Amino acid sequence: METLINEIALLLRTRRVALGWTTAELAETLGVSRPRVQKALDDMRELGYGLSATGAGAIRITRAPDRMIDTEILAGLKTRIFAKNLHCYNRLGSTNTRAIELAESGAAEGTIVVAEEQTGGRGRLGRNWHSPPRLGIWSSVILRPQVPLQRASGLSLLAALAFAHSAESELGLKVDLKWPNDGLIDGRKVLGVLTEVSAETDQVYFAVCGTGINVSHLPTDFPQSLRQTAGSLAMACGYSVDRLAFYRAFLSQFETLYRGFRRDGIAPFLDDYRKRSLLLGHEVIVTQGHLTIQGRAITIDENGALIVRDGRKNTVIFAGEATLREQ
Ligand code: BTN
């Protein structure tokens, strides 16, 4: 978004809220001409801002736009690490790809990349992730946990758990988690997580944790191939959901869990995750490329791996696609 709009939105939001700002005051404070401020205010209305002016010409924001723009994401966000650096795009190939580029050039932990639309959104196992404009939250965060590679898969579980907590606290929705990291509501997939890691065996350099959250989709917004299985927060609630408010809640939940993870690992969160698991206690089929493992899903261990028991043999599974076996 244009810097001037950002700066104006920030001033209108954060200072002298009671009094409001006149065009002349904005121009003087920002060191630009009044016509430029006027033009920026018109552009803000186009973006979806509601702006009102008092008799004395003082301007106030009456409605915020449903847009993934930095001023709006940051308004009221109470995180300490996440979103200190925030890269917002209108359209991007993949937020994970961009975040990896930034991480490789040294971007700090907590840096976030978010896009209104992804033209090449990536899912697990080489799949695509449907990421149409303005309907969802397509976002990636750079993390630099001091853990061995084996522990990094716990990050996806944390993201899924953060989603479940936010959906419950913000919207009263019950989320089922399907190992490793799908979030389902009423049997439909609403959340997908793709964590990509740069590491040596004993040290993670960085992890990019990308989350796709379907927020405002109606069934017809999904392509035919996804219509039976995908859902959105709005479909689950039956009313429209404030995307930005949900995103802020998710970031704050995720950061809280992540700070706990940095201190104590995944162990303190496992019971919470297990309680929400769709698979545990059930007969499952897990595929890993050409390999298929069948058995009863008995637990998820401290590395985030799924343990499947077949007779007396336990298999520890770090990655794969799991489904419930028809009885
Ligand atoms: C899956 O369930 O297959 C994982 C989907 C992950 C999608 C998100 S959207 C934001 C981030 N950028 C990507 O390209 N993918 C992830």
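Heads up: the structure comes first, above all this text.
Residues numbered from 1 in each chain as written. Predicted model: local features only at pLDDT ≥ 70, side-chain atom pairs only at ≥ 80, totals over all residues. Heavy atoms only, no water.

### What to know about the site of the ligand
Taken together, 20 residues lie around the ligand, and Ser94, Gln118, Arg122, Arg124 and Lys189 are the ones closest in. Note that a nitrogen atom of the ligand is positioned 3.0 Å from one of the side-chain N or O atoms of Thr95. Secondary structure elements with two or more residues in the shell around the ligand: helix H5 (95–104), strand E5 (136–143), strand E8 (188–200) and strand E9 (203–214). (Near = heavy atom within 4 Å. Polar contact = N/O pair within 3.5 Å; in protein donor to acceptor, adjacent residues only side chain to side chain. Helix = DSSP H or I, 4+ residues; strand = E, 2+ residues; numbered from the N terminus.)

### Digging into the nonpolar core
Of all hydrophobic cores here, the largest spans 65 residues; its most connected members are Phe163, Leu233, Phe246, Phe254 and Leu306. Here this core takes 11 residues from helix H6 (residues 154–171), the largest share from any one element. No fewer than three residues from each of domain 2 (70–274) and domain 3 (283–324) sit in this core. (Core = buried A, V, L, I, M, F, W, Y, C linked by side-chain atoms within 4.5 Å. Buried < 20%, exposed > 50% of the residue type's maximum accessible area, 1.4 Å probe, protein only. Domains from an automatic or database assignment.)

### Thoughts on the pattern of salt bridges
Considering all chains together, one arrives at 21 salt bridges under this definition. Glu196 is the salt-bridge partner of Arg122, the closest N and O atoms lying 2.8 Å from each other. One end of the pair, Arg122, is in the loop between strand E4 (112–118) and E5; the other, Glu196, is in strand E8, and 74 residues separate them in sequence. Overall, Arg122 belongs to the partly exposed group, its relative accessible area being 31%. Where Glu321 meets Arg127, a salt bridge forms, and the shortest distance between an N and an O atom there is 3.6 Å. Taken as a pair, Glu321 in strand E14 (residues 321–324) and Arg127 in the loop between E4 and E5 lie far apart in primary sequence, 194 residues in all. Residue classification places Arg127 among the partly exposed residues on the basis of a relative accessible area of 42%. Within this structure, Asp66, Glu116 and Arg243 form a network of salt bridges that share partners. (Salt bridge = Lys/Arg side-chain N within 4 Å of Asp/Glu carboxyl O.)

### With respect to the packing of helix H1 (residues 3–14) against helix H2 (residues 23–30)
Running from amino to carboxyl end, H1 crosses H2 at an angle of 115°, the nearest separation of the two axes being 11 Å. Judged by the sense of rotation from one axis to the other, the crossing of H1 with H2 is right-handed. Across from Leu4, Glu7, Ile8, Leu11 and Leu12 in H1, the residues of H2 making contact are Leu26, Thr29 and Leu30. Grouping the amino acids of the contact of H1 with H2 by side-chain chemistry returns six nonpolar, one polar and one charged. (Axes fitted to C-alpha atoms, helices over the stretch in contact; angles between N-to-C directions. Left-handed = near helix turned anticlockwise from the far one by under 90°. Contact = heavy atoms within 4.5 Å. Nonpolar A, V, L, I, M, F, W, Y, C, P; charged D, E, K, R; others polar.)

### Remarks on the packing of aromatic side chains
Counting across every chain of the model gives five aromatic pairs. An angle of 85° between the planes, with centres 5.3 Å apart, marks the rings of Phe82 and Phe254 as edge-to-face. Taken together, the residues span a long stretch of sequence, with Phe82 in the loop between helix H4 (70–74) and strand E3 (86–92) and Phe254 in helix H8 (residues 243–264) at a distance of 172 residues. Accessibility assignment for this pair places Phe82 and Phe254 in one class, buried. Arranged with centres 5.7 Å apart and planes meeting at 40°, the rings of Phe250 and Phe254 form a pair that is tilted. Remark: Phe254 and Phe250 occur in helix H8; sequence separation between them is four residues, near one turn of the helix. The exposure classification of Phe250 matches that of Phe254, with both residues buried. One aromatic cluster is present, formed by Phe82, Phe250, Phe254, Tyr258 and Phe261 through successive ring pairs. (Phe/Tyr/Trp six-rings, centres within 6.5 Å; stacked < 30°, edge-to-face > 60°.)

### Considerations on the side chain of Thr211
With respect to the helices and strands, the residue Thr211 is situated in strand E9. Assessed through its relative accessible area of 5%, Thr211 is described here as buried. Contacts of Thr211, omitting those with residues within four sequence positions, involve Ile137, Trp138, Ser139, Ala159, Leu191, Gly192, Val193 and Phe250.

Read these as layout, nothing more, since geometry by itself doesn't imply function.
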